[in-house]
Amino acid sequence: MKVFSGSSNRPLAEKIADKLNLKVSGLEIHVFADGEKRVRVIDRVVGEDCVVVQPTSPPADSNYMELFFIIDALKRSGAGKITAVIPYLGYQRQDHIFRDGEAVSLEVVVETLQSTGVSKIITFDLHSIKIPELFKIQLVHLSALSLFAKKIEKDDSILVSPDMGGIRRIKEASALKGNMPFAVVDKDRDLATGEVEAVDLEGNVKGKTAIIIDDMISTGNTIVEASKLLLERGAAKVFVFATHPVFSESAKTTLQNSPVEKVFVTDTINVPPEKFFKKLEVISVADLIAKNIR
Ligand code: R5P
């Protein structure tokens, strides 16, 4: 078996390879002056099972194209079964039509991905339970909740979903922690601008440590809005666990200056040093991925 890395999360690829007692294999990714990429496999792969690690986090378009080219280069070089480890699947929030006239971007991406001849995909905490149905090839859908559960203290705490869409996730987390109580924030999102507002709360958080669990943090506004409401409703402290650190725009400043005590994320997406902040802790998913590759 050989493990290859695209350019979006080499540290994770190295950790996974290490857990499999392998080194990341040679791949040349050249970016031309016009931004186009040329991908070339250096190591011999004839008949070998190959794993490509490439979360399609921002810049999603560029990372997807790179992934398609890597799979194509492996196929043309005679690789056997190809597994794409896409811990964060870009465009997953565009999985259906929200307003008339919209594209279903995720469906386009999934169809293109499948046309490359990849055999298996490993991913994490998809935004909606319906997404796996879009795939006609094997999809291994893993979750970081078991890793989060190990860090969550039950005493005087309550789990919180920052929006109604996260109810399934918060119920799963609650079950993992022996039916821990949970609350749900009612969040409004403007479909045109993307702006969010936490309008109400179902559940009693008074005097408790509120533990928000979400699939991803992009701008950080969902977390800030939810934590403000939780504190207004009497929560003593707020902690956050989110699988994917998308961290767009000024998420770093937004989260560091927020009333949240600590933000736990995973390394499904690489957090470069310039996006790091004091309240942040990163938990690795490498072991979970390696176990599903072996
Ligand atoms: C939305 O439904 C998701 O589960 C996340 O809550 C959302 O995508 C986070 O985005 P942001 O950090 O920009 O508010």
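Residues numbered from 1 in each chain as written. Predicted model: local features only at pLDDT ≥ 70, side-chain atom pairs only at ≥ 80, totals over all residues. Heavy atoms only, no water.

Draft legend 1. Local environment of the side chain of Asn63. Considering the arrangement of structural elements, one finds Asn63 in helix α2 (residues 60-76). Judged by its relative accessible area of 5%, Asn63 is buried. Apart from residues no more than four positions distant in its own chain, Asn63 is found in contact with Ser8, Gln54, Pro55, Thr56, Ser57 and Pro58. (Helix = DSSP H or I, 4+ residues; strand = E, 2+ residues; numbered from the N terminus. Buried < 20%, exposed > 50% of the residue type's maximum accessible area, 1.4 Å probe, protein only. Contact = heavy atoms within 4.5 Å.)

Draft legend 2. Structural detail: the packing of helix α1 (residues 10-19) against helix α8 (residues 286-293). It is at 9 Å that the axes of α1 and α8 come closest, and there the two elements cross at 50°. The angle between α1 and α8 falls in the class oblique. Between α1 and α8 lies a crossing of right-handed hand. On α8, the residues that touch Leu12, Lys15, Ile16 and Lys19 of α1 are Ala286, Asp287, Ile289, Ala290 and Ile293. Taken together, the residues that form the contact of α1 with α8 break down as 6 nonpolar, no polar and 3 charged. (Axes fitted to C-alpha atoms, helices over the stretch in contact; angles between N-to-C directions. Parallel < 35°, antiparallel > 145°, perpendicular 65-115°, else oblique. Left-handed = near helix turned anticlockwise from the far one by under 90°. Nonpolar A, V, L, I, M, F, W, Y, C, P; charged D, E, K, R; others polar.)

Draft legend 3. Structural detail: the site of the ligand. Near the ligand there are 14 residues, and of these Arg93, Asp214, Asp215, Thr219 and Thr222 occur at the shortest range. Here an oxygen atom of the ligand and a side-chain polar atom of Arg93 are 2.7 Å apart. One of the side-chain nitrogen or oxygen atoms of Asp215 is found 2.6 Å away from an oxygen atom of the ligand. The protein chains hide 92% of the 380 Å² of surface that the ligand would expose on its own. Only β9 (182-189), β11 (209-217) and α6 (221-232) provide two or more residues apiece to the shell around the ligand. Within the shell around the ligand, the residues separate by chemical class into 2 nonpolar, 6 polar and 6 charged. (Near = heavy atom within 4 Å. Polar contact = N/O pair within 3.5 Å; in protein donor to acceptor, adjacent residues only side chain to side chain. Areas by Shrake-Rupley, 256 points an atom, 1.4 Å probe, with all protein chains shown as cover.)

Draft legend 4. Structural detail: the domain arrangement of the protein chain. Taken domain by domain, the protein chain comprises domain 1 (2-142) and domain 2 (145-284). Centre-to-centre separation of domain 1 and domain 2, based on C-alpha positions: 27 Å. Residue-level contacts link 20 residues of domain 1 with 16 residues of domain 2. When domain 1 packs against domain 2, the two sides together hide about 1,500 Å² of surface, and 56% of this comes from carbon and sulfur. On the domain 1 side of the contact with domain 2, Tyr88, Arg93 and Asp125 bury the most area, a combined 32% of that side's loss. (Domains from an automatic or database assignment. Buried area = accessible area lost by both parts, 1.4 Å probe.)

Draft legend 5. Quick look at the packing of α2 against helix α3 (residues 105-115). With their axes 10 Å apart at the nearest point, α2 and α3 run at an angle of 15° to one another. By the criterion of interaxial angle, the relationship of α2 to α3 is roughly parallel. Both α2 and α3 take part in a crossing whose hand is right-handed. Packed against α2, whose contacting residues are Tyr64, Leu67, Phe68 and Ile71, the element α3 presents Val109, Thr112 and Leu113 at the interface.

Draft legend 6. Fine view of the sheet that holds strand β7 (residues 138-142). A sheet is described by the order of its strands in space; here 5 strands give the open sequence β1-β4-β5-β6-β7, paired in parallel fashion. Strand pairing shows two members of the sheet lacking a second neighbour, β1 (2-5) and β7, which therefore form its edges. For this sheet, the mean angle separating the axes of adjacent strands, direction not counted, is 20°. Two elements, strand β4 (residues 50-53) and strand β5 (residues 82-85), share 4 bridges in a ladder whose sense is parallel. (Pairing = 2+ DSSP bridges.)

Draft legend 7. Here's a closer look at unusual backbone geometry. A cis amide bond, omega 0°, links Pro58 with the succeeding residue Pro59. Note that Pro59 resides in the loop between β4 and α2. Phi at Tyr91 is positive, roughly 75°, even though this residue is not glycine. With respect to the element layout, Tyr91 can be found in the loop between β5 and α3.

Draft legend 8. Structural context of the side chain of Lys279. Position of Lys279 relative to the elements: it lies in the loop between β13 (262-266) and β14 (280-283). Glu261 provides the closest opposite charge to the buried, unpaired Lys279, separated from it by 7.1 Å. A distance of 3.0 Å separates a polar atom in the side chain of Lys279 from the backbone oxygen of Gln256. Look past the residues within four positions of Lys279 in its chain and what remains in contact with it is Leu255, Gln256, Ser258, Val260, Glu261, Lys262 and Val263. (Lys, Arg positive; Asp, Glu negative; His and termini not counted. Salt bridge = Lys/Arg side-chain N within 4 Å of Asp/Glu carboxyl O.)

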